[in-house]
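Read off the chains here:
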Amino acid sequence: MATLEDIEELIGQVAEGDRAAFQRLYALTSAKLFGVSLRILGRRAEAEEALQDSFVKIWRHADRYRATGYSPMTWLITIARNTAIDRLRARRARGEDLSEAEDLASSAPGPEAQAIASDERARLTACLEELEPDRAEAVRGAYLMGHSYKELAEAHEVPLNTMRTWLRRSLLKLKECLGR
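Residues numbered from 1 in each chain as written. Predicted model: local features only at pLDDT ≥ 70, side-chain atom pairs only at ≥ 80, totals over all residues. Heavy atoms only, no water.

Considerations on the overall build of the protein
- Within the protein, the secondary structure is distributed over nine helices and zero strands.
- Scanning the protein from its N terminus toward the C terminus, one meets helices and strands in the order α-α-α-α-α-α-α-α-α.
- The buried share among the 180 residues of the protein stands at 32%.
- Summed over its atoms, the accessible surface of the protein is roughly 11,500 Å², and 51% of this surface lies on carbon and sulfur atoms. (Helix = DSSP H or I, 4+ residues; strand = E, 2+ residues; numbered from the N terminus. Buried < 20%, exposed > 50% of the residue type's maximum accessible area, 1.4 Å probe, protein only. Areas by Shrake-Rupley, 256 points an atom, 1.4 Å probe, with all protein chains shown as cover.)

If you want it as structure tokens, here you go:
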């Protein structure tokens, strides 16, 4: 079972043109994304085409993932959802019924979700300040700016495995801090 960090890492590798990472990302997420497409479209063949279109978009736009600020699965599901809705709109253009799309809720966060996210952001910022400055900078670089472990290791002039250890231990400290 892949973690969100694994999926995030795969998206980063896909952004660099890694076909093997793209195949692994497809294997790990295609069933979920197909389910999203099928639920919206209601037609298996059309959902399969939407899934294919979604992965083409993922391949082309993987480098944009970090700019969104979403979790990797949210980002992937949003692409699949929007692709399926675009297909529903195309049905209307062809004269088919679009009534199914009217029942879909907006994926934009509501006021309550925005307030919670703001509070969580403040807590995370406070916890990051508890880390050593170079560790906090490495965490921000990896998880907010999308830098690879290799890039961070070179920037901080430490071995790659040391950087991995820094990040792993820093995430554990952040988890502990956020749990208080």
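Digging into the nonpolar core
- Judged by nonpolar contacts, the single largest core of 28 residues is most densely connected at Ile7, Ile11, Leu25, Leu33, Ile58, Trp75 and Leu76.
- For this core, the secondary structure elements donating two or more residues are helix H1 (4–15), helix H2 (19–41), helix H3 (44–61) and helix H5 (72–93).
- When residues no more than four places from it in sequence are discounted, the contact partners of Ile7 are Ala2, Leu25, Thr29, Pro72, Met73 and Leu76.
- If you look at the next biggest cluster of nonpolar residues, it comprises 15 residues, including Leu128, Val158, Met163 and Leu167. (Core = buried A, V, L, I, M, F, W, Y, C linked by side-chain atoms within 4.5 Å. Contact = heavy atoms within 4.5 Å.)

Observations regarding the environment of Arg180
- Along the chain, Arg180 turns up in the segment after helix H9 (160–179).
- Polar side-chain contacts of Arg180 include one of 2.9 Å to the side chain of Glu130. (Polar contact = N/O pair within 3.5 Å; in protein donor to acceptor, adjacent residues only side chain to side chain.)

Structural notes on the layout of surface pockets
- Of the voids in this model, the second largest pocket is the one considered here, and its volume is about 540 Å³.
- Lining the second largest pocket are 24 residues; nearest its centre among them are Glu9, Gly12, Gly146, His147 and Ser148.
- Of all elements in the fold, only H1, helix H4 (65–68), helix H7 (133–143), helix H8 (149–156) and H9 reach the threshold of two or more residues within the lining of the second largest pocket.
- In terms of residues, the lining of the second largest pocket owes the most to one element, H1, which gives eight residues.
- Tallied by class, the residues present in the lining of the second largest pocket amount to nine nonpolar, five polar and ten charged. (1 Å grid on protein atoms, 1.4 Å probe; cavity = no way out; pocket = protein on both sides within 12 Å on 5 of 7 lines; lining within 4 Å. Points joined across faces, edges and corners; volume = space filled by probe spheres on them. Nonpolar A, V, L, I, M, F, W, Y, C, P; charged D, E, K, R; others polar.)

Thoughts on the packing of H8 against H9
- The geometry of H8 relative to H9 is characterised by a closest axis approach of 9 Å and an angle of 105° between their N-to-C directions. One finds that H8 runs roughly perpendicular with respect to H9. Every residue of H9 that contacts H8 at Tyr149, Lys150, Leu152, Ala153 and His156 is listed here: Leu160, Met163, Arg164, Trp166 and Leu167.
- Here the contact of H8 with H9 is built from residues that sort into seven nonpolar, one polar and two charged. (Axes fitted to C-alpha atoms, helices over the stretch in contact; angles between N-to-C directions. Parallel < 35°, antiparallel > 145°, perpendicular 65-115°, else oblique.)

Concerning H3
- Given a rise of 1.5 Å per residue, 18 residues ought to cover 26 Å, and the 25 Å separating the end C-alpha atoms of H3 matches this to within 8%.
- All of the buried residues in H3 are Glu46, Ala47, Ala50, Leu51, Ser54, Phe55 and Ile58. (Expected span 1.5 Å × (residues − 1).)

Observations concerning the packing of aromatic side chains
- Evaluated as defined, the whole model comprises four aromatic pairs.
- Aromatic side chains Tyr65 and Trp75 sit 5.5 Å apart centroid to centroid with 75° between the ring planes, which places their arrangement in the edge-to-face category. You can see Tyr65 sitting in helix H4 and its partner Trp75 sitting in helix H5, a full ten residues away along the chain. Summarising the burial analysis for this pair, Tyr65 and Trp75 share the class buried.
- Through successive ring pairs, a cluster of aromatic residues spans Phe22, Tyr26, Phe55 and Trp59. (Phe/Tyr/Trp six-rings, centres within 6.5 Å; stacked < 30°, edge-to-face > 60°.)

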